[in-house]
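# Notes for the structure review
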Amino acid sequence: MGLLRRAFSKKGDGQLTRDTVTKHQRNEDDLWLNIRREEDPSLIWRQIGELGDGAFGKVYKVQQKVTGILAAAKVIPTTGVEQLEEYRSEIDILSRVVHSNIIRLLDAIYSKDQTLWVMLEWCEGGALDAGMILMDKPLEEPQLQVIARHSAEALNFLHSKMVIHRDIKAGNLLLTNEGIVKLADFGVSVQNDHRDEKQTTFIGTPYWM
């Protein structure tokens with residue numbers, strides 16, 4: 001109701017303008033453009049195991065019951081629909097940027113218990129930083145060449161769509177069994193409206209560096 005109330009701006013004698021209500025309706029429809037609502041994810045996806053915790057919630061390995069496709073599910077409890085705005089940008093960007101070196105969005109469901117489930121492409125090799133820790137040695141130059149090439153391909157594609165990732169680091173580069181590098185975690189990414197637009201926030205990559 002809070003969003004609806006804000007849409008009812010007054011004009012002149014206090015009557016609502018038709019344009020204001022229509023604009024609000026479009027904004028509300030946009031919220032659900034790439035998110036299914038009031039469905040039970042457990043009817044579609046089977047939990048296989050827990051992968052870890054994040055600031056937002058938990059990550060599970062899941063499998064689609066019909067097709068058998070594996071995914072990493074970010075499970076995010078919310079206090080209501082208004083909180084979805086915090087995650088909508090990531091979901092909307094991922095729904096548009098389809099590329100072989102970018103993690104793929106498979107599904108997004110907002111369940112009846114106000115939990116957001118975001119299902120992402122499964123990468124068997126895990127994150128690059130975890131792999132280096134497991135091997136307990138630096139990467140060799142041929143490996144770095146592949147990682148750099150695949151990362152550059154992903155960024156070149158994103159920038160052609162005027163998307164800035166803003167959180168490039170080893171923990172956000174995932175590996176598949178085929179040796180493909182996938183750029184992941186678009187939580188602080190932004191979509192610019194034109195090429196000359198600049199962002200003034202200090203976030204993501206610089207902190208990691």
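Located above this text is the structure these notes cover.
Attention here is on the structure that accompanies the text. (Residues numbered from 1 in each chain as written. Predicted model: local features only at pLDDT ≥ 70, side-chain atom pairs only at ≥ 80, totals over all residues. Heavy atoms only, no water.)

Further remarks concern the overall build of the chain. Within the chain, the secondary structure is distributed over six helices and 13 strands. Once local pairs closer than 6 in sequence are excluded, the contacts in the chain between residues at least 24 apart make up 58%. Counting every atom, the chain has about 13000 Å² of accessible surface; 53% of that belongs to carbon and sulfur. (Helix = DSSP H or I, 4+ residues; strand = E, 2+ residues; numbered from the N terminus. Contact = heavy atoms within 4.5 Å. Areas by Shrake-Rupley, 256 points an atom, 1.4 Å probe, with all protein chains shown as cover.)

Here we come to a nonpolar patch on the surface. Judged by side-chain polarity, Phe202, Ile203 and Tyr207 come together as a nonpolar surface patch covering roughly 360 Å² of accessible area. Looking at the secondary structure, you find Phe202 in the loop between strand E13 (190–191) and helix H6 (205–208). (Patch = residues over 30% accessible without salt bridge, like charges linked within 9 Å, V, L, I, M, F, W, Y side chains within 5 Å. Salt bridge = Lys/Arg side-chain N within 4 Å of Asp/Glu carboxyl O.)

Summed over all chains, the structure comprises nine salt bridges. With a shortest N-O distance of 2.8 Å, Lys58 and Asp53 are connected by a salt bridge. Assessed through its relative accessible area of 31%, Lys58 is described here as partly exposed. Between Glu153 and Arg149 there is a salt bridge, and its shortest N-O distance comes to 2.8 Å. On the criterion of helical spacing, the pair formed by Glu153 and Arg149 is a turn pair, its members being four residues apart in helix H5 (residues 141–160). Taking the relative accessible area as the measure of exposure, Glu153 reaches 29% and is therefore partly exposed. For Arg149, a relative accessible area of 53% corresponds to the exposed category. Each member of the salt-bridge network shares a partner with another, and the members are Arg36, Glu39 and Asp107. (Buried < 20%, exposed > 50% of the residue type's maximum accessible area, 1.4 Å probe, protein only.)

Remember that the coordinates give geometry; whether it matters functionally is a separate question.
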